[in-house]
Amino acid sequence: MSPIELTMEKIRTGQVVKVNANMVTAQIDGQIIQNEVAYIKRGEERLKAEVIRVRHNQAEMQVYESTQGLKAGDTVEFTHELLSVKLGPGLLGQIFDGLQNPLPALAQKCGFFLKRGVYLEALPDDTQWDFTPLVNPGEKVLAGSWLGFVPEKIFKHYTLVPFALSGSLEVVKIVSPGKYNLKQAVAQLKDSSGILHDVFLQQSWPVKIPIGAYVEKLRPTEPLVTKIRLIDSLFPVNRGGTYCIPGPFGAGKTVLQQLTSRHAEVDVVIIAACGERAGEVVETLKTFPGLTDPRTHKPLIDRTVIICNTSSMPVAARESSVYTAVTIAEYYRQMGLNVLLLADSTSRWAQAMREMSGRLEEIPGEEAFPAYLESRIASFYERAGVVKLHAGVTGSVTIGGAVSPAGGNFEEPVTQATLKVVGAFHGLSRERSDARRYPAIDPLISWSKYSGFVDPETKEKCRAILYRSNEISQMMKVIGEEGTSLKDYIEYLKGDFFDFVYLQQNAFDPVDEATVRERQVYLLEFICRILDAEFSLEDKPAALHFFQTLRQLIRTWNSVEYNSQEFKKIESEILMLLETKKIKEDK
């Protein structure tokens, strides 16, 4: 019998024998399993913990709460259950902590300061959901098959055959259309052994085990349009792919992720604030409920789940927040939806692993991180992907992780371990953020393994212009502008012009903050014709004036609605300016 299905007639108890910060060692006579959930009793408090290592009759546990006041002899209750989350209707629009406690309800119960040892139901049991069946008695189903659906916000939330069941199952009973709560069974299934299983609108699943109830995993081929030109055109991400955003503090990682969550062409967004500063988390919590979804014109929070874990919370909870987020993402993927998971930041999670590894007295790796750092990070990103479901449709989970290397050093272990497994690297640079060139993704060091919707030749040509412009810029810092030829100076201006009018976007402009795919293609082709052209420019001041005028015109053009009268008027002005400089010929 698997650990997921294992049950016990009574809760087993043990005694605390050692307390080392948030790692507690307990002694027990009897069976213990890895990753088992336990509760440490301290007066009226029950502190949640997870077994991370078993040695003989001792279990070493990481505690998800403050361990202040714990002492040897305190009672530990072992549940024989893995750390799990509740999956069902009502998740969308919620704000949870790493253990899936609804934070607004927790604040209402505990007041301004949250008390330790208080755990609430993730989903309200008494809410009535309007259930519509999709199967009939006698039909054969598999784990993950759709049995019916209830409306949740803007989606159909499908009731799924429990993922823990295996083999072919027969539908014995299915309820008629009507209103049901999470405690009422809506179906009954019979497995090959003749055992009957009740199915509810919700189910539980261990967060550290990937959900595998699908036909096959497919290669990510369809571009994920984020509406950020620099990403979509030069360093694209595919649906079901992975990417990382490493960068120094204050370079714009959080703002970039928030823009992506608002405008990316996905169905559901999961935000995992993993160990970030409380100020940033509070800003996210205040901002999101008031934002309007540009696609549906309804509140953005209606298709968002926020998993909130600040740096002031116990470090063990950082790990649970990452796994809780990816499990919820996989759950909505099982409904044929495209899900985007944004983790900010995985460096805090790695720091938590380093802290626990030190307390376990494990042999340290580079910079004292555990030797299994790479495999843990890889196993997290490997849960992304496109899958074909039993219903014949596909669903996807795209994972984007922010990395916060100390001092912006991309050679540190967490960044390097992440780069080995992701499909795209969007490296933020301090120089670009200090120069107010946003998004601060450095096009000279970033890369992507995905194709996107821009042809490879155009991407290579654009990057070559940026590389050449940077070379001339570095040369000019040594020999000065007067030592540069007019031809080289024009090439430098072309690269700077391309950066300014295409790669940079104004997040405060309602039009320029998000560029649709059709406009990106049109604008890039238009700008490439300018970059390919040769101009009749007398000297360097004339070249500088020409490109500054052109730059300002196109920057204004970017802030005008696509294909509007104003858009066409400014385009005519740009073409007239280009004609006055006697474009000789395209190369």
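Refer to the structure presented above.
The structure reproduced in this document is the subject of the present report.

The rules behind the values
Residues numbered from 1 in each chain as written. Predicted model: local features only at pLDDT ≥ 70, side-chain atom pairs only at ≥ 80, totals over all residues. Heavy atoms only, no water. Pairing = 2+ DSSP bridges. Helix = DSSP H or I, 4+ residues; strand = E, 2+ residues; numbered from the N terminus. Axes fitted to C-alpha atoms, helices over the stretch in contact; angles between N-to-C directions. Expected span 1.5 Å × (residues − 1). Buried < 20%, exposed > 50% of the residue type's maximum accessible area, 1.4 Å probe, protein only. Polar contact = N/O pair within 3.5 Å; in protein donor to acceptor, adjacent residues only side chain to side chain. Contact = heavy atoms within 4.5 Å.

## Some words on the sheet that holds strand β9 (residues 129-133)
Here comes step 1: Sheet architecture is open: four strands sit in the order β12-β11-β9-β14, paired in antiparallel fashion. Because the sheet does not close on itself, it has two edges, and the strands there are β12 (155-160) and β14 (178-180). Looking at each pair of strands side by side, their axes are set apart by 40° on average, direction ignored.
Here comes step 2: Examined bridge by bridge, β9 and strand β11 (residues 146-152) share two bridges and lie antiparallel to one another. Across the sheet, the residue bridging to Pro133 is Gly148, located in β11.

## Quick word on the sheet that holds strand β13 (residues 169-174)
Here comes step 1: Strand order in the open sheet made by the four strands is β10-β13-β15-β16, with antiparallel pairing throughout. At either margin of the open sheet sits one strand with a lone partner, and together these are β10 (140-141) and β16 (196-199).
Here comes step 2: Bridge analysis of β13 against strand β15 (residues 187-190) gives four bridges, and the strand direction is antiparallel. Each residue of the ladder has a partner; that of Ile174, found in β15, is Ala187.

## What to know about the pairing of strand β4 (residues 45-55)
Here comes step 1: Note that strand β3 (residues 36-42) and β4 share six bridges and pair antiparallel. Across the sheet, residue Ala38 finds its bridge partner in β4, namely Ala49.
Here comes step 2: Here β3 folds back onto β4, and the loop between the two strands holds two residues, one of which, Gly43, carries a positive phi near 65°.
Here comes step 3: Sheet topology places β4 next to strand β5 (residues 58-63); six bridges connect them, and they run antiparallel.

## Considerations on helix α5 (residues 316-333)
Here comes step 1: Taking 1.5 Å per residue, 18 residues should reach 26 Å; α5 reaches 27 Å between its end C-alpha atoms and fits that length.
Here comes step 2: In terms of burial, α5 is a largely internal element, 18 of the 18 residues being buried.

## Observations regarding unusual backbone geometry
Here comes step 1: Here the residue pair Asp344 and Ser345 is connected by a cis peptide bond, since its omega of 0° sits within 30 degrees of zero.
Here comes step 2: Mapped onto the secondary structure, Ser345 falls in the loop between β24 (338-344) and α6 (346-359).
Here comes step 3: In this chain, Tyr438 is followed by Pro439 through a cis amide linkage whose omega measures -5°.
Here comes step 4: One non-glycine residue, Ala21, lies in the positive phi region at around 55°.
Here comes step 5: With a relative accessible area of 35%, Ala21 lands in the partly exposed category.

## Examining the side chain of Arg53
Here comes step 1: Relative to the helices and strands, Arg53 resides in strand β4.
Here comes step 2: Here Glu60 takes part through its side chain, which lies 2.6 Å from a polar atom of the side chain of Arg53.
Here comes step 3: A distance of 2.9 Å separates a polar side-chain atom of Arg53 from the backbone oxygen of Leu360.
Here comes step 4: Residues within four places of Arg53 in sequence aside, it is in contact with Gln34, Gln58, Ala59, Glu60, Leu360 and Glu362.

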